[in-house]
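Structural overview
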Amino acid sequence: MFVAGLTSLVLLGLINVNFACDDHSHDHGHHARRATPSVQLAPPSRPLEWGDINIIHTTDTHGWLLGHQKASFPEPNYSGDFGDFASFVSHMKNIAHKGGVDLLLVDSGDLHDGTGLVDGFPQGGVDAHDANEFFKMLPYDVLAIGNHELYIYANALDMHKNFAPRFNGRYLSSNVNITVADKHGNLVDVPVGSRFAKFKTTHGRRVTALGVLYDFTDNDRNTTVQKVEDMVKERWFAEAIQEEPDLFLLAGHMPVANDNWPAVFNAVRAVHPHTPIIILGGHTHIRDCVQFDSRSMALESGRYLETLGWMSMKLDKKGSTNDLQFSRRYLDPNRVTYEYHTQTSDMKFDTPQGSKITRGLQTLSEKFNLSLKFGTAPRDLTLQQSPYPSDGSLLTEFIEKAVPTALAVNNTRANIPNIIITNSGSQRFDIYTGAFTRNDQFTVSPFTDAFLFIPNVPLSAASKVLPALNDAGSNQRRTIEELEKREKEMYARGEVEHRYRAWLESMSKRGEAMDAKAENLTLGYVTQDSCPGVGDDTLHKPLTFFNVPDFIGSKTPDVPDDTPIDLVFVDFIGSQLLEILNSVQTDKQYTQSDVAQYSPILANAVWGIYAQAAWN
């Protein structure tokens, strides 16, 4: 197995790096300016295994191109920015060239929604349009569309008109269409990108690639997502896979386990029983790997530039039916990782293009005013590392303090008792001690959910809604089938927190059984998947995990049960809440006509308003 000279690299223990911002007033983009505090990062545990075909995989980046800038672990593990990543890719391409092997760069979607770089655009702009310019600067071989590209038509149109053309047919949307006007002004349905791609690698290996989206249902009007099981029955699909390549590369925004990859895999296998198949999935934000047979591997590479996926495959003779040799690895994206695997020093690591991207990210951050400081968070507030409710729980702070504070601003109904309910999945990231900036506001709560309300709901009924939503009410009559149906509907609309949290919980439980040696490890991901060997590149001990409810609510007002109150909720859960409200009382059948806007303030503005009021 080719190891590109890395076997001579000796582990030197902990490598010291400096980064993170202690204020809102300096350079977020360039690694040299990450001045304080100083932390130590462990290097990778071993060199990468190289094969004939090697892949670096990104997915679910959601705008985290500045890297993770906070000092509390595990954030330092992911401190490399997109410029650092570009330099890493360049060095790895050089290693592949010298070794006479192929290295492909693949992304599996969800470039939108998640940080200020994508969501902080000024009025009249388009989400992620500016940040995507940095993706265009990297030599991606294949990219697939994600569900977050489809919530808003303007975003999908931008991908179709301005992003896909840069990649010359390699931005793939096998089962996703968009309605646009043709040159004659007629409306036509066309793929957002391309249905499939066929190309040769640097060393002449023939690749047939697809880009598949899971069965997503919450796409905007004038976009269409075809079910995966229907896509594989299409004539174009049969024609695309008819000719045998050296390998099939099935990229897509779909988890490698517990979804529809088998439908695609089996359709290919029906025509080509032994051709190598590589699957690169995404969407559920976890590190995962499965093998559907001995001549294939499927990899999912986390989220938020917290993970880079690595896969290698050693090819054998055409017509062989022997087991193929694969490897996979989950890399922590930081400069220690990058310098270790490229055998470079800090002074020689940065490439001109990487430095240009880092400077460009800083310029965009300044353009969007992402360093604007709202206040200073007095302590870490985490989603799952503290129990709910508790002082360390972000969800507690959000629903009991932040939301009531923000929604009371210029609100004529502020003095009317209320209960406020939202889904816990609306909060996407932790808050760390120190400056709370405009960028932090977007990373923690990126969704533009509107706050609606139903007036004059008796407290006796309103107080039953939250427990019923969480399936804990004493009058709960819903069946298991109804619960499963609801979860499937939420998943189809894009909700992934169930799966991500289950993964974190299983990780935490394994951590309880780790031996004393683990005490010397830093906090981070500890992966157990279905592929042979250890997948994590750098060894860690897992974070503690506490379960949180699917829905959270403000404190119940101290008024008599028959008091009419405002029942406030985010629009994302509106249909569910109406259904539940009608199930916990029979005095009135509530409909959409009873629903009105509660405040013009959107969910993604709540933390900034609260921080200004409470953290100064």
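Residues numbered from 1 in each chain as written. Predicted model: local features only at pLDDT ≥ 70, side-chain atom pairs only at ≥ 80, totals over all residues. Heavy atoms only, no water.

What follows covers the packing of aromatic side chains. The full count for this structure, using the stated rule, is 28 aromatic pairs. When the centroid spacing of 4.9 Å and the interplanar angle of 65° are considered together, the rings of W50 and W310 count as edge-to-face. A residue pair is termed long-range when its members are at least 10 positions apart, and W50 in the loop between β2 (38–41) and β3 (53–58) and W310 in strand β16 (residues 308–314) qualify at 260 residues. Since its relative accessible area comes to 0%, W50 is described here as buried. In this structure, R170 is placed above the aromatic ring of F199, and the distance from its NZ or CZ to the ring centre is 3.8 Å. Across from the ring centre of Y491, 4.3 Å away, lies the NZ or CZ of R499, which sits over that ring. (Phe/Tyr/Trp six-rings, centres within 6.5 Å; stacked < 30°, edge-to-face > 60°. Helix = DSSP H or I, 4+ residues; strand = E, 2+ residues; numbered from the N terminus. Buried < 20%, exposed > 50% of the residue type's maximum accessible area, 1.4 Å probe, protein only. Lys NZ or Arg CZ within 6 Å of the ring centre and 35° of its normal.)

The next thing to look at is the UniProt feature "domain: Calcineurin-like phosphoesterase" (unreviewed entry) in the protein. Under the UniProt annotation, the feature "domain: Calcineurin-like phosphoesterase" (unreviewed entry) is placed at residues 54–286. Annotated as residues 54–286, this span is 26% helix and 24% strand, and its ends, taken at the C-alpha atoms, are 21 Å apart. (UniProt positions renumbered as here; feature names shortened; annotations may be inferred.)

Between helix α13 (residues 459–469) and helix α16 (residues 574–584), whose axes approach to 9 Å, the crossing angle comes to 120°. Our classification of the angle between α13 and α16 gives oblique. You can see that α13 and α16 cross each other, and the crossing is right-handed. Contacts between α13 and α16 involve A461, K464, V465, A468 and L469 on the former and, on the latter, Q576, L577, I580, L581 and V584. Considered class by class, the residues forming the contact of α13 with α16 number eight nonpolar, one polar and one charged. (Axes fitted to C-alpha atoms, helices over the stretch in contact; angles between N-to-C directions. Parallel < 35°, antiparallel > 145°, perpendicular 65-115°, else oblique. Left-handed = near helix turned anticlockwise from the far one by under 90°. Contact = heavy atoms within 4.5 Å. Nonpolar A, V, L, I, M, F, W, Y, C, P; charged D, E, K, R; others polar.)

Mean pLDDT over the protein: 92, with 92% of residues reaching 70 or higher. Predicted confidence is poor over residues 1–37, with pLDDT under 50, and the contacts of this stretch with residues over four places away or in other chains come to 102 contacts. In the model, residues 473–477 has pLDDT below 50 throughout and makes eight contacts with residues more than four positions away in sequence or in other chains. (pLDDT = per-residue confidence, 0-100.)

This brings us to the sheet that holds strand β10 (residues 206–213). Here six strands make up an open sheet; going across it, the order is β9-β10-β12-β13-β15-β14 and the pairing mixed. Lying at the two open borders of the sheet, with one neighbouring strand each, are β9 (196–200) and β14 (287–290). Looking at each pair of strands side by side, their axes are set apart by 15° on average, direction ignored. Strand contacts of helix α7 (residues 261–271): β10, β12 (247–253), β13 (277–281) and β15 (296–301), with the helix running at about 160° to β13, the strand carrying the most contacts. (Pairing = 2+ DSSP bridges.)

Bringing empty space enclosed by the protein into the picture now. Within the structure shown, the criterion is met by four cavities of 30 Å³ or more. If you add up the space inside the largest cavity, you get close to 280 Å³. Around the largest cavity sit 22 residues that line it, and R303, D430, Y500, L504 and L543 are the ones nearest its centre. Among the residues making up the lining of the largest cavity, the classes are represented as 11 nonpolar, five polar and six charged. (1 Å grid on protein atoms, 1.4 Å probe; cavity = no way out; pocket = protein on both sides within 12 Å on 5 of 7 lines; lining within 4 Å. Points joined across faces, edges and corners; volume = space filled by probe spheres on them.)

Moving on, we get to the sheet that holds strand β8 (residues 187–191). Spatially, three strands are ordered β8-β7-β11 in an open sheet, and the strand pairing comes out antiparallel. With partners counted over all chains shown, the strands left at the sheet margins are β8 and β11 (223–225), one partner each. With strand direction ignored, the average angle separating the axes of adjacent strands in the sheet is 25°. Where strand β7 (residues 176–181) meets β11, three bridges bridge the pair, whose relative direction is antiparallel. Its bridge partner lying in β11, V176 is registered against V225.

Our focus in this paragraph is the state of the cysteines. In the structure shown here, the tally under the stated rule is one disulfide. Each sulfur in the disulfide pair C289 and C531 lies 2.1 Å from the other. Sign of the S-S torsion, about -80° for the bond between C289 and C531, identifies this disulfide as left-handed. Within this pair, whereas C289 is found in strand β14, its partner C531 is found in the loop between α15 (497–512) and β22 (551–553), the two being separated by 242 residues in sequence. The two residues C289 and C531 agree in class, both being buried. (Disulfide = S-S within 2.5 Å.)

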